[in-house]
Amino acid sequence: MVQIRMVKKEDLADLVVLENRCFLKEEAATEEAFKKRIKTISDSFFVAEVEGVIVGLINGPVIESPYITDDLFSEIKVNPATGGHQSVLGLAVSPKYQNQGIAGALLASLEKDAKEKHRETITLTCKKDLVCFYEKHGYINHGASSSEHGGVTWYNMVKPLK
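S.K.: Report on the pattern of salt bridges, specifying residues and quantitative values.
M.R.: All told, the structure shown has 8 salt bridges when counted by the stated rule. The closest approach of N and O atoms between Asp11 and Arg5, which form a salt bridge, is 2.9 Å. With a relative accessible area of 18%, Arg5 lands in the buried category. In this structure, the salt-bridge partner of Lys112 is Glu116, at a minimum N-O distance of 2.8 Å.

What follows is the structure in structure tokens.
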């Protein structure tokens, strides 16, 4: 059974392994980025576990604008108590556990938390092949992003919470 919980600093090594299993090197968050995110935005960083093993993660800071900008991958600020736009910088599920609803459960946990904190939207960028997945979860495609992260084309996906 999948359990979703807040991140702990002891999760770092497992998170780095998972991230590198799910993303190309140019796209993956570094160990240093995860350290910073765990320290600064642990209140919007969730992990999924199966029998005590981390099989998924979702994280991102609360930002002022409805779209992700590339500076967020290196510059993270503490989340405001309420308001703003909940971003998703990373959503990853171990290949062995994909297509079992874990990504959806992580999105739902983040959304529940964001609603409780009166966030305006959840915003993320994804590659073209994942647009349909996010649309099934209520996200609206706002077109190509200005992001150059990892040297690929990303699409702005936004889910209104109000």
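There's plenty left to go through after this.
S.K.: Before we move on, can you summarise helix H3 (residues 102-116) with the specific residues and values?
M.R.: Each α-helix turn comprises 3.6 residues. Residues three or four places apart therefore point the same way. With 15 residues, H3 extends 21 Å between its outermost C-alpha atoms, agreeing within 8% with the 21 Å of an ideal straight helix rising 1.5 Å per residue. Of the residues making up H3, those classed as buried are Ile102, Ala103, Gly104, Leu106, Leu107, Leu110, Glu111, Asp113 and Ala114. Following H3 by one or two positions, His118 has its phi on the positive side, about 55 degrees.

S.K.: Mind laying out the sheet that holds strand S6 (residues 90-93), listing which residues take part and the relevant values?
M.R.: Read across the open sheet, the 4 strands follow the order S1-S2-S3-S6; overall the sheet is antiparallel. Edge positions in the sheet fall to strand S1 (2-6) and S6, since each of these pairs with one other strand and no more. On average, adjacent strands in this sheet sit at an angle of 25 degrees to one another, irrespective of strand direction. Of the strand pairs in this sheet, S1 and strand S2 (residues 45-50) are connected by 5 bridges, and their pairing is antiparallel.

S.K.: Can you break down the nonpolar core residue by residue, with the values?
M.R.: Grouped together as the largest cluster of nonpolar side chains are 31 residues, with contacts concentrated most on Ile58, Leu91, Leu106, Leu124 and Tyr134. The contacts of Leu106, once residues within four sequence positions are left out, are Ile4, Phe46, Val47, Ala48, Gly56, Leu57, Ile58, Leu91, Ala92 and Val93. Counting residues in each nonpolar core, the second largest holds 14 residues, with Leu15, Ile38, Phe45 and Ile54 among its members.

S.K.: Give me the sheet that holds strand S9 (residues 155-160): which residues, what numbers.
M.R.: Taken together, 5 strands build an open sheet; the order of strands is S4-S5-S7-S9-S8 and the sheet is mixed. Only two strands of the sheet have a single neighbouring strand rather than two, namely strand S4 (62-63) and strand S8 (140-144). In this structure, strand S7 (residues 121-126) lies alongside S9, joined through 6 bridges in antiparallel fashion. The residue of S9 that forms the bridge with Leu124 is Met157. Where H3 meets the sheet, its contacts fall on strand S5 (85-88), S7 and S9, and the angle it forms with S5 comes to roughly 160 degrees.

S.K.: Which residues make up the packing of helix H1 (residues 12-22) against helix H2 (residues 31-41), and what values go with them?
M.R.: It is the contact of H1 with H2, at a shortest axis distance of 10 Å, that shows an interaxial angle of 130 degrees. With respect to H2, the axis of H1 lies oblique. Once H1 is placed against H2, the crossing between them reads as right-handed. Residues Leu12, Leu15, Val16 and Glu19 of H1 touch H2, and the partners they reach there are Glu31, Phe34, Lys35 and Ile38.

S.K.: Any chance you could break down the state of the cysteines for me, citing the residues and the numbers?
M.R.: The tally for this structure, following the rule as stated, stands at 0 disulfides. For the unlinked cysteine Cys126, the closest cysteine sulfur is that of Cys132, found at 9.4 Å. Exposure remark for Cys126: the relative accessible area of 2% places this residue in the buried category.

What counts and how
Residues numbered from 1 in each chain as written. Predicted model: local features only at pLDDT ≥ 70, side-chain atom pairs only at ≥ 80, totals over all residues. Heavy atoms only, no water. Salt bridge = Lys/Arg side-chain N within 4 Å of Asp/Glu carboxyl O. Buried < 20%, exposed > 50% of the residue type's maximum accessible area, 1.4 Å probe, protein only. Helix = DSSP H or I, 4+ residues; strand = E, 2+ residues; numbered from the N terminus. Expected span 1.5 Å × (residues − 1). Pairing = 2+ DSSP bridges. Axes fitted to C-alpha atoms, helices over the stretch in contact; angles between N-to-C directions. Core = buried A, V, L, I, M, F, W, Y, C linked by side-chain atoms within 4.5 Å. Contact = heavy atoms within 4.5 Å. Parallel < 35°, antiparallel > 145°, perpendicular 65-115°, else oblique. Left-handed = near helix turned anticlockwise from the far one by under 90°. Disulfide = S-S within 2.5 Å.

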